[in-house]
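Residues per chain are reported as follows:
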Amino acid sequence: MTLAVNRCYITPKHSDGTVQVQDSDASFTTGRGVFTLGVATYYFPLPVGGASMFDIHLTHDAVIAITSATVETCSHAPSDVSDVSSVAGEWMDQDPSTAFVALVGATTTHTAGVVAVTAGNAGGANWQISGCPAARARLKVVVGTGGEVRVSFCGKD
Amino acid sequence: VKIGPRIGASIGAAIGPVSSAPVEASYALEKTGGTNGGWDAQAYSTETFAATVTLEFVVDNTVGDAYSVGLSADNPDANYTGIDRGLLQDNGTMYSNENGALVSLGACAADEVWSIVRTMPGGAISYQKDSVEQAAGTALESALLVDSSFRFTGDSVSGLRVTTASGENEITWTADGITVTEE
């Protein structure tokens, strides 16, 4: 088993396609990889790079409320389907009823792999995806109350 | 006897420029001081450049990095917002940086060479990747120093070169929280 994609922080894109910049005043230690999200939908493009199994780690502060955080996949070409496409059927939710997501935080929950966060508690969620042959993947985060998150990714063959 | 000095002068004039070795001056900058996560470390040049000048550097790493390198008429502080015409790398995305106004130039990767070209007269600014323009900036005709700002401990660039019509230029650095290494 080899490391297909080294651990990296993921930069989100706003639903309008705008690439976000790391928060210069983050409350997390060092602030590296931390982004402040407003009330909107953001997409974290995941560099799967052929990895058949990968790990997504989201840490959130106590301020943010996340309506939903969903892993989605797509095998269409980036030239045809953008990272921020919301066209029905272009990106597919990966939400099996048997999904397991590791959670920390009194108000961080999941249903079929779709994570939700009620404001008031810092915490995190960790998806471990295996047997995924999709060419592309993203984490879609719908924010109800703005706050800070840090999302990391690591993939293996 | 009478023509000797003339010959000597002629030979000297001819040989002088040819015999002067070109300067090769390349630097690596890495944040080693200040606060990890604060825009509080900088290195800047004593020299200023009034003519056409190119500042280039190599991207070392992208994961979580945040730094800006550029050209400035002055150096008000260590923050990236004080760089007049620069490039800013943030976690794998490169931006043009004009006093804190960021415009995305797209994704960047390790080992790419990014540069800022200021052309005189007129002061036209060009932001380039591997010698291909990615965007034009706001013209600036002032004499410009080399300026930089780094956010995270360990963030670095290498292959930093300043080229003018006469070739590469040696830089006298003032560094605060940055280790500068001549390569």
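Predicted model only: the values in this text are computed from it and were never measured. (Residues numbered from 1 in each chain as written. Chains lettered and ligands numbered in written order. Predicted model: local features only at pLDDT ≥ 70, side-chain atom pairs only at ≥ 80, totals over all residues. Heavy atoms only, no water.)

## Describing the pattern of salt bridges
- Considering all chains together, one arrives at 10 salt bridges over all chains under this definition.
- The partner of A:D83 in a salt bridge is A:K13, with the nearest N and O atoms 2.9 Å apart. Here A:K13 lies in strand β2 (residues 13-14) and A:D83 lies in the loop between β6 (65-74) and β7 (92-93), a separation of 70 residues in the sequence.
- What makes A:D83 partly exposed here is its relative accessible area of 22%.
- We note a salt bridge from B:R85 to B:E98, for which the minimum N-O separation is 3.9 Å. With B:R85 in strand β6 (residues 85-90) and B:E98 in strand β7 (residues 93-98), this residue pair connects regions lying 13 residues apart in the sequence. B:E98 shares its class with B:R85; the two are buried.
- The structure contains a network of salt bridges with shared partners spanning A:K13, A:D83 and A:R136. (Salt bridge = Lys/Arg side-chain N within 4 Å of Asp/Glu carboxyl O. Helix = DSSP H or I, 4+ residues; strand = E, 2+ residues; numbered from the N terminus. Buried < 20%, exposed > 50% of the residue type's maximum accessible area, 1.4 Å probe, protein only.)

## Some remarks on the side chain of B:D90
- Assignment of secondary structure puts B:D90 in strand β6.
- Apart from residues lying up to four places away in sequence, B:D90 is in contact with A:T11, A:Q20, A:V21, A:Q22, A:F35, B:D65, B:A66 and B:Y95. (Contact = heavy atoms within 4.5 Å.)

## Some remarks on the side chain of B:D147
- Residue placement: B:D147 occurs in strand β12 (residues 144-150).
- Other than its neighbours up to four places away in sequence, B:D147 contacts B:Q42, B:A43, B:Y44, B:S68, B:V69, B:G70, B:S72, B:D74, B:N75, B:G82 and B:I83.

## Notes on the confidence of the model for chain B
Residues and elements named next belong to chain B.
- Chain-level statistics for chain B give a pLDDT mean of 90 and a share of 88% at 70 or above.
- The model gives residues 1-20 a pLDDT under 50, and that stretch makes 0 contacts with residues more than four places away or in other chains.
- Across the interfaces of the predicted complex, the ipTM metric reaches 0.86, alongside a pTM of 0.87. (pLDDT = per-residue confidence, 0-100.)

## Here's the deal with the interface of chain A and chain B
- Listed as interface residues are 15 residues of chain A and, on the opposing side, 17 residues of chain B.
- A buried area of about 1200 Å², summed over both sides, lies between chain A and chain B, and 42% of it is on carbon and sulfur atoms.
- Per-residue buried area on chain A facing chain B is highest for A:Q22, A:T30 and A:R32; these three make up 47% of the total on that side.
- Applying the counting criterion to the chain A and chain B interface returns 2 salt bridges.
- Here B:D155 and A:R32 are joined by a salt bridge, their closest N and O atoms 3.1 Å apart.
- Counting across the interface, chain A meets chain B through 10 residue pairs in polar contact (both at pLDDT 80 or more).
- The greatest single-element share of the side of chain A that touches chain B, amounting to 3 residues, is contributed by strand β1 (residues 3-9) of chain A. (Buried area = accessible area lost by both parts, 1.4 Å probe. Polar contact = N/O pair within 3.5 Å; in protein donor to acceptor, adjacent residues only side chain to side chain.)

## Side note on the layout of surface pockets
- Approximately 540 Å³ is the volume attributed to the largest pocket.
- Looking at the largest pocket, it is lined by 20 residues, and the ones nearest its centre are A:T11, A:P45, B:N91, B:G92 and B:A107.
- When residues of the lining of the largest pocket are traced back to their parent elements, those giving at least two are β1 and β4 (41-46) of chain A together with β8 (101-107) of chain B.
- Here the element with the most residues in the lining of the largest pocket is β8(B); it accounts for 3 residues.
- As for the second largest pocket, its lining consists of 16 residues, and the residues nearest its centre are A:Q94, A:P96, A:Q128, A:I129 and A:S130. (1 Å grid on protein atoms, 1.4 Å probe; cavity = no way out; pocket = protein on both sides within 12 Å on 5 of 7 lines; lining within 4 Å. Points joined across faces, edges and corners; volume = space filled by probe spheres on them.)

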